[in-house]
Amino acid sequence: QQQVKQSPQSLIVQKGGISIINCAYENTAFDYFPWYQQFPGKGPALLIAIRPDVSEKKEGRFTISFNKSAKQFSLHIMDSQPGDSATYFCAASGSNYQLIWGAGTKLIIKP
Amino acid sequence: DSGVTQTPKHLITATGQRVTLRCSPRSGDLSVYWYQQSLDQGLQFLIQYYNGEERAKGNILERFSAQQFPDLHSELNLSSLELGDSALYFCASSVQPSGELFFGEGSRLTVL
């Protein structure tokens, strides 16, 4: 019940395309859903986060879509650029703020 | 730059040895987290401290220990090292226990 399942494991998208990464959770007590971006040789960095009181949050080319009834959330990267090539982690936490992490998605944007 | 400083950046040692990894959190952050990331693997939560006290424990081996000092810096001690301990070790910090973590650039440990 504590798991966060992330898919796909890897993703190749053409430059200018839309990258979509999905996550599913089981614990309905989770109330914070962040996405972290990690470049090779660097630590993860918070990219965007959402709480379940909204169904969508957009920051620039990055959008989180949240489906509370399905217990799923996804990251959409519009107009994907080679600089977006990185590993993306979804996560979820509840009132104890302990992050439960997805396994990560390695995204490659082809020029 | 996240403001979290980890030293050393790289460390090569032999099996059976002991190493200490150091983390200085962002100024003002009271909570420190340690994570392990093996090659092309996900993030494994090891342990969290808040204002000097252990707050949460994850998949931390008995051979590993950590502490947070009064000046809020933290150290992760890894002993009786095995080949499988080779990994990136990340420290992260936050003002309070939070899902918004600021990660350092990691310490890459290679055990030969």
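Preceding this paragraph is the structure being described.
Since this is a predicted model, take the numbers as computed values, not measurements.

Quick notes on the rules
Residues numbered from 1 in each chain as written. Chains lettered and ligands numbered in written order. Predicted model: local features only at pLDDT ≥ 70, side-chain atom pairs only at ≥ 80, totals over all residues. Heavy atoms only, no water. Helix = DSSP H or I, 4+ residues; strand = E, 2+ residues; numbered from the N terminus. Buried < 20%, exposed > 50% of the residue type's maximum accessible area, 1.4 Å probe, protein only. Contact = heavy atoms within 4.5 Å. Areas by Shrake-Rupley, 256 points an atom, 1.4 Å probe, with all protein chains shown as cover. Patch = residues over 30% accessible without salt bridge, like charges linked within 9 Å, V, L, I, M, F, W, Y side chains within 5 Å. Salt bridge = Lys/Arg side-chain N within 4 Å of Asp/Glu carboxyl O. Phe/Tyr/Trp six-rings, centres within 6.5 Å; stacked < 30°, edge-to-face > 60°. Buried area = accessible area lost by both parts, 1.4 Å probe. Nonpolar A, V, L, I, M, F, W, Y, C, P; charged D, E, K, R; others polar. Polar contact = N/O pair within 3.5 Å; in protein donor to acceptor, adjacent residues only side chain to side chain.

Caption draft 1: Just the overall build of chain B, in detail. Counting secondary structure elements, chain B contains zero helices and 11 strands. Secondary structure elements of chain B, listed N to C terminal, follow the sequence β-β-β-β-β-β-β-β-β-β-β. Taken along the three principal axes of its C-alpha coordinates, chain B extends 35 × 25 × 25 Å. Across the 112 residues in chain B, those meeting the buried criterion constitute 50%. A sequence separation of at least 24 residues applies to 55% of the contacts in chain B between residues at least 6 apart. By element, 46% of the accessible surface of chain B is carried by carbon and sulfur atoms, the whole surface being about 5400 Å².

Caption draft 2: How the structure looks around a nonpolar patch on the surface. Residue and element names in this part refer to chain A. Residues Ile18, Ile20 and Met78 make up a contiguous nonpolar surface patch of roughly 240 Å² in combined accessible area. By secondary structure assignment, the location of Ile20 is in strand S3 (residues 19-25). According to the relative accessible area criterion, Ile20 is partly exposed, its value standing at 36%.

Caption draft 3: Layout of the pattern of salt bridges. A complete count under the given rule lists seven salt bridges over all chains for this structure. For Glu59 of chain A, the salt bridge is made with Lys57 of chain A, and the minimal N-O distance between the two is 3.8 Å. Exposure remark for Glu59 of chain A: the relative accessible area of 37% places this residue in the partly exposed category. Two residues, Arg22 of chain B and Glu75 of chain B, come together in a salt bridge whose shortest N-O distance is 4.0 Å. Of the two residues, Arg22 of chain B is situated in strand S3 (residues 19-24) and Glu75 of chain B in strand S8 (residues 74-78); the sequence distance between them amounts to 53 residues. If you follow the salt bridges from partner to partner, you end up with Arg63, Glu82 and Asp85 of chain B in one network.

Caption draft 4: Structural detail: the packing of aromatic side chains. Enumeration according to the criterion identifies 16 aromatic pairs over all chains in this entry. Summarising the aromatic geometry, the rings of Tyr35 of chain B and Phe103 of chain B are spaced 5.6 Å apart at their centres and angled 50° between planes, so their arrangement reads as tilted. Within this pair, whereas Tyr35 of chain B is found in strand S4 (residues 31-37), its partner Phe103 of chain B is found in strand S10 (residues 102-103), the two being separated by 68 residues in sequence. Each of the two residues, Tyr35 of chain B as well as Phe103 of chain B, counts as buried. Every member of this aromatic cluster is reached through a ring pair, and the members are Tyr36, Phe89 and Trp101 of chain A together with Tyr35, Phe45, Phe90 and Phe103 of chain B.

Caption draft 5: Local environment of the interface of chain A and chain B. Contact with chain A, which involves 16 residues of that partner, is made by 18 residues of chain B. Across the interface of chain A and chain B, roughly 1400 Å² is buried in total on both sides, 54% from carbon and sulfur atoms. When the area that chain A buries against chain B is broken down by residue, the three leading residues are Tyr97, Gln98 and Trp101 of chain A, summing to 34%. Taken together, the connections running from chain A to chain B amount to one salt bridge. The leading source of residues in the side of chain A that touches chain B is strand S4 (residues 33-38) of chain A, at three residues. For the side of chain A that touches chain B, the residue count by class is 10 nonpolar, five polar and one charged.

Caption draft 6: Representation of the side chain of Ser107 of chain B in the model. All names here are of chain B. Along the chain, the position of Ser107 falls in strand S11 (residues 107-111). For Ser107, a relative accessible area of 2% corresponds to the buried category. Here the side chain of Ser107 touches Pro8 through a polar contact of 2.6 Å, landing on its backbone oxygen. Those residues within four positions of Ser107 in sequence are excluded, and the remaining contacts are Gln6, Thr7, Pro8, Lys9, Leu21, Ala87, Leu88 and Tyr89.

Geometric values such as these leave the question of function open.
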